[in-house]
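Coordinate inspection notes
What follows is the residue order along each chain.
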Amino acid sequence: MKIEARGVAYRVAGAAVLSGIDFAAAEGETALLIGPNGAGKTTLLRILSLLLAPSAGEVFYDGSSAALSAPLLRRRISFLPQKPVLLNGSVSANLLFPLRLRSGAGREKAAREWLSEVGLEGKADQNALTLSGGEAQRLALARALVYRPEAILLDEPFLNLDPLSEGIVERIIARLQGEKRTIVLCLHDLERGFAFADSVSLIESGRIVRKGRRDAFLPATVSQARFLGVQNLFPGTVGDEWFESGGMRLRVASELSGPAWAGVGSEEIIISLAPLASSARNVLPGTVVSLREKGKLVEVEVRAGPSFLVLVTRESVEELKLEPGAPVYLAIKTSSILVIPA
Amino acid sequence: MDAGVEILSVVLLSLRVSLLATALGALVVLPAAFALALSEFKGRRAVIAALNSFLSLPAVFIGLVVYMLLSRRGPLGALELLYTPSAMVIAQAILAAPILAAFFLSAFSSLSQALKDQILALGASRRQLLFALLREGRYGMTAALVMGFSRVLGETGMTMMVGGNIRGHTRVMTTSIALGTMKGEFETALVLGLILLAISLALNVCFQFLQGGGRRPQ
């Protein structure tokens, strides 16, 4: 099922929430919507789910306008809101609800299968409103999928989940991708989002400011780069495939010239005790300034001209004996350096 | 007539009249309250405020109006309903209506836009949405019915005005207690009073239970 928005706008009391949205999720594709809070992602998702009529523009399903056949189309798609909304009844009544809206056999069997798929098999008779946050989200997901929708629109399905629930939801999304169902996914967690996505659209202030295939999705402005989590951003000038900032020179793969920004993700830099003989064209001597734990990893600040943030594992910190004042070398491949015109 | 049999028939008539009155009142106000709770329009708050002001309608005034309508010279006099259980049902239904409306409204207003969205998103048609919302509001709705029934069951003056307190015909618990007290026949009055008290307490327990069951956790 192909989902498209053409020229979609949405206004509330004269204020534009969305404007000029052109968006498409091809059949069997996972389209990722990213953007800061309040950018309009949820509104767009509700419009694509046919729960909200756009102020202008149209939504198309498989190439035909969805406006007239919204009730019928809604039966073939599914929308999972950020916060699960469960019915005041048992867990199994919640799961059976969408199946009872439709005719067909094998309801109980499908409900049982999904109950165990999301790890709630022991809770079939419990009132759904008494479930924990993670269980409620899992039940809401199972209920959204139990009738085998052809397209699934998920709004932050990992929000407030414990690791167990996260694992279950991840596995289910991967399974849907395997079944080639069309998925539109809104996610805050970019790393996880990029792992799932075929295409990415970045929304800022109600507009899609950037879109592309996952592998070719690069930020076009410094603010987009910051949003996408590029930690090391330096202003300078670029020309003849060299970037200069203060006293630092970096070999880059860019044909731009003039004022520009260079950006490197903190996970793209290799730290070593001696200059590496490697394919990395940029090797910079520096000194460790500080170390900060970041989950399972450690963020090391290294002064090498400007300050770089580098993510390494705890094992690396121990093996390389990294501590403030230690002399190190940074290696950066030219292809890892993003050059953005200033 | 045996005293026990008479008490039983009085209790049964009380329950029948008040149940019918509650059902009649609910039938009239339920669709309106449902539509009002789920719609958005200018002046909605004013309509709700106006509805709520009917809560303070004095029962004796309702009795007067119904009496005048049903009396032989009144516009509905030809129906010959005055001093019948039907007249009592009509008056009690009018008394119950604003109470029912206020509680129905509060029950349905707690159903959020997100809930409506979710039911539609799961593929419900307009009609299926309506039934699903009614189902979600079932605890609040039942609580409203219990509250309305409890109010009219205890009503005395108005019921006596339009029913007449005729023995074996329109005599109910409250009017029987009032008459017994005036005549100094406290034994029957006390028995009926205790039965009424027990029913009221039981209804109150039901109401509290339903209010708790219908509340959605925040």
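This write-up is about the structure you can find in this document.

Thresholds applied
- Numbers given to residues run from 1 along each chain, matching the order in which its sequence is written.
- By the order in which they are written, chains take letters starting at A while ligands take numbers starting at 1.
- Totals for whole chains, interfaces and linings use every residue, but because this is a predicted model, local features are given only for residues with pLDDT of at least 70 and side-chain atom pairs only at 80 or more, for both listing and counting.
- Calculated side-chain values reflect all of the structure's heavy atoms, with hydrogen atoms and water omitted.
- For the purposes of this entry, the term helix denotes a DSSP run of H or I that reaches at least four residues, the term strand denotes a run of E that reaches at least two, and both are numbered from the N terminus.
- Per-residue accessibility, obtained with a 1.4 Å probe over protein chains only, is compared with the maximum for each type, and a residue is labelled buried under 20%, exposed over 50%, and partly exposed between these values.
- Contact definition: two residues touch when any of their heavy atoms are within 4.5 Å.
- All accessible areas in this document rest on Shrake-Rupley with a 1.4 Å probe, and a residue is counted as covered only by the protein chains that are shown.
- Accessible surface is computed with a 1.4 Å probe, and the buried area is the amount of it that two parts give up when combined, taken over both parts together.
- Take a side-chain nitrogen of Lys or Arg and a carboxyl oxygen of Asp or Glu: if they are within 4 Å of each other, that pair is a salt bridge.
- Here a polar contact is taken to be a pair of N or O atoms separated by no more than 3.5 Å, where protein atoms must pair a possible hydrogen donor with a possible acceptor and residues adjacent in sequence count only if both atoms sit in side chains.
- Residues were grouped as follows: Ala, Val, Leu, Ile, Met, Phe, Trp, Tyr, Cys and Pro as nonpolar; Asp, Glu, Lys and Arg as charged; and all remaining residues, including Gly, as polar.
- Note on geometry: axes are lines fitted to C-alpha atoms, helical ones only across the stretch in contact, with angles between N-to-C directions running from 0 to 180 degrees.
- Angles are sorted into four bins: roughly parallel if under 35 degrees, roughly antiparallel if over 145, roughly perpendicular if 65 to 115, and oblique for all others.
- Each helix crossing is assigned a hand: it is left-handed if the near helix lies turned anticlockwise from the far helix by less than a right angle, otherwise right-handed if that turn is clockwise.
- Between any two strands, pairing holds if DSSP finds at least two bridges.
- Here, the term nonpolar core denotes a set of buried Ala, Val, Leu, Ile, Met, Phe, Trp, Tyr and Cys residues that are joined through side-chain atoms within 4.5 Å.
- Aromatic rings from Phe, Tyr and Trp, with only the six-membered ring used for Trp, were paired whenever their centres fell within 6.5 Å, and each pair was classed as stacked if the ring planes differed by under 30 degrees, edge-to-face if by over 60, and tilted otherwise.
- Placement of a positive charge over a ring is assigned whenever Lys NZ or Arg CZ falls within 6 Å of the ring centre and within 35 degrees of the normal to the ring plane.

1. Considering the overall build of chain B
A count of helical and extended segments in chain B gives ten helices and zero strands. The helix and strand sequence of chain B, counted from the amino end, reads α-α-α-α-α-α-α-α-α-α. Seen through its C-alpha atoms, chain B measures out along the principal axes to roughly 65 × 40 × 25 Å. Across the 218 residues of chain B, 44% fall into the buried class. Intrachain contacts of chain B at a sequence separation of at least 6 include 73% that bridge at least 24 residues. Split by element, the accessible area of chain B, about 11,600 Å² in all, is 67% carbon and sulfur.

2. Here we look at the interface of chain A and chain B
Listed by partner, the interface residues are 21 residues for chain A and 21 residues for chain B. Summing the contributions of chain A and of chain B, the shared interface buries around 1,700 Å²; its carbon and sulfur component is 53%. Summed over the shared surface of chain A and chain B, the number is one salt bridge. For D117 of chain B, the salt bridge goes to R46 of chain A, with nearest N and O atoms at 2.6 Å. The interface formed by chain A and chain B contains seven residue pairs in polar contact (both at pLDDT 80 or more). It is strand 6 (residues 77-80) of chain A that contributes the most residues to the side of chain A that touches chain B, three residues altogether. Taken together, the residues that form the side of chain A that touches chain B break down as 13 nonpolar, three polar and five charged.

3. Section: the packing of helix 3 (residues 91-100) of chain A against helix 4 (residues 107-117) of chain A
Residues and elements named next belong to chain A. At a minimum axis separation of 10 Å, helix 3 and helix 4 run at an interaxial angle of 130°. When the interaxial angle is binned, helix 3 and helix 4 end up oblique. At the point where helix 3 passes helix 4, the crossing takes the right-handed sense. Seen from helix 3, the contacting residues are V91, L95, L96, L99 and R100; seen from helix 4, they are R107, E108, A110, A111, W114 and L115. Within the contact of helix 3 with helix 4, the residues separate by chemical class into eight nonpolar, no polar and three charged.

4. Observations concerning the sheet that holds strand 17 (residues 297-303) of chain A
Residues and elements named next belong to chain A. Spatially, five strands are ordered 15-19-16-17-18 in an open sheet, and the strand pairing comes out antiparallel. The sheet terminates laterally at strand 15 (270-272) and strand 18 (307-313), the two strands that pair on one side only. Strand-to-strand, the axes of this sheet are offset by a mean angle of 45°, without reference to chain direction. Judged from the seven bridges that link them, strand 16 (residues 282-294) and strand 17 form a sheet pairing that is antiparallel. The partner of R292 across the bridge, within strand 17, is E299.

5. Let's talk about unusual backbone geometry
Residues and elements named next belong to chain A. Backbone geometry at D62 places phi at a positive 50°, although glycine is not the residue there. Note that D62 resides in the loop between strand 4 (56-61) and strand 5 (64-65). What makes D62 partly exposed here is its relative accessible area of 43%.

6. What to know about the nonpolar core
Core analysis: the biggest nonpolar cluster contains 128 residues, and F23, I34, L48, Y61 and V184 of chain A together with F104 and I119 of chain B have the highest contact counts within it. The dominant element in this core, judged by the number of residues it contributes, is helix 4 (residues 85-109) of chain B, at 13 residues. Setting aside anything within four residues of it in sequence, one finds F23 of chain A in contact with I3, E4, A5, A31, L33, L48, V184, S201, I208 and K211 of chain A.

7. A short note on the pattern of salt bridges
Overall, the coordinates contain 21 salt bridges over all chains when judged by the stated rule. We note a salt bridge from E4 of chain A to K2 of chain A, for which the minimum N-O separation is 3.8 Å. We note a salt bridge from E6 of chain B to R167 of chain B, for which the minimum N-O separation is 2.9 Å. Linking E6 of chain B in helix 1 (residues 3-38) with R167 of chain B in the loop between helix 8 (157-163) and helix 9 (173-183), this pair joins segments that are 161 residues apart in sequence. Shared partners join several salt bridges into a network, and the residues in it are E117, R171, R175, E179 and R181 of chain A.

8. Looking at the pairing of strand 17 of chain A
Residues and elements named next belong to chain A. The turn linking strand 16 back onto strand 17 is made up of two residues, and G295 within it adopts a positive phi angle of 60°. Taken together, the seven bridges between strand 17 and strand 18 define a ladder with antiparallel strand orientation. Paired with E299 across the two strands is L311, which belongs to strand 18.

9. Concerning the packing of aromatic side chains
The final tally for this structure, using the stated rule, is six aromatic pairs over all chains. Taken together, the ring pairs in this structure connect F34, F104 and F108 of chain B into an aromatic cluster. Taking NZ or CZ as reference, R6 of chain A lies 3.8 Å from the ring centre of F60 of chain A, over its face.

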